[in-house]
Amino acid sequence: VQLVESGGGLVQPGGSLSLSCAASGFTFSRYGMTWYRQAPGKERELVAAIDSAGGSINYVDSVKGRFTISRDNTKNTVYLQMNSLKPEDTAIYYCSAIRREFNYWGQGTQVTVSS
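Below, the structure is looked at part by part.

Rules and cut-offs
Residues numbered from 1 in each chain as written. Predicted model: local features only at pLDDT ≥ 70, side-chain atom pairs only at ≥ 80, totals over all residues. Heavy atoms only, no water. Core = buried A, V, L, I, M, F, W, Y, C linked by side-chain atoms within 4.5 Å. Buried < 20%, exposed > 50% of the residue type's maximum accessible area, 1.4 Å probe, protein only. Helix = DSSP H or I, 4+ residues; strand = E, 2+ residues; numbered from the N terminus. Contact = heavy atoms within 4.5 Å. Disulfide = S-S within 2.5 Å.

1. With respect to the nonpolar core
Here is step 1: With 28 residues, the main nonpolar core has Leu 3, Trp 35, Phe 67, Val 78, Leu 80, Met 82 and Tyr 93 as its most contacted residues.
Here is step 2: Among the secondary structure elements, those contributing two or more residues to this core are β3 (17-24), β4 (32-38), β5 (45-50), β7 (67-72), β8 (77-82), β9 (91-99) and β11 (109-113).
Here is step 3: When neighbours within four sequence positions are excluded, Met 82 is seen to be in contact with Gly 15, Ser 16, Leu 17, Leu 19, Arg 66, Phe 67, Tyr 93 and Val 111.

2. Description of the environment of Arg 100
Here is step 1: Structurally, Arg 100 can be placed in the loop between β9 and β10 (102-105).
Here is step 2: Among the residues examined, Arg 100 registers a relative accessible area of 71% and is labelled exposed.
Here is step 3: It is 8.8 Å that separates the C-alpha atoms of Arg 100 and Tyr 31, two residues lying 69 residues apart in sequence.

3. Some points on the state of the cysteines
Here is step 1: For the structure on display, the rule yields one disulfide.
Here is step 2: A sulfur-sulfur separation of 1.9 Å characterises the disulfide bridge that pairs Cys 21 with Cys 95. With the S-S dihedral at roughly 40°, the linkage between Cys 21 and Cys 95 falls on the right-handed side. A residue pair is termed long-range when its members are at least 10 positions apart, and Cys 21 in strand β3 and Cys 95 in strand β9 qualify at 74 residues.
Here is step 3: Look at Cys 21 and you get buried, because its relative accessible area is 0%.

Scope: geometric values only; no functional claims are made or implied.
So this is what it looks like as structure tokens:
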């Protein structure tokens, strides 16, 4: 099982980044997918979640209207489009796959929002 995040980096406030998470080793289309983030000194926080078919999506209040989660089950990939980024969005972003008692995590990708 492998989840590999990419697309992080340094961006100025107000800018955009697009994160990807490529999955392998399990039946991606049967798993709900989530994006979490963890800022220095803070607990890991659920940012966005999408069900296996992409029909149910949820966001933490702080990113509603700015972030968009999506998935392509033909490519075994989940995405997080982040717009209007703020310094407080700075964190390591992790994708996670969830189904019943199974929960897989990627290694994370750093997002830094700074001028």
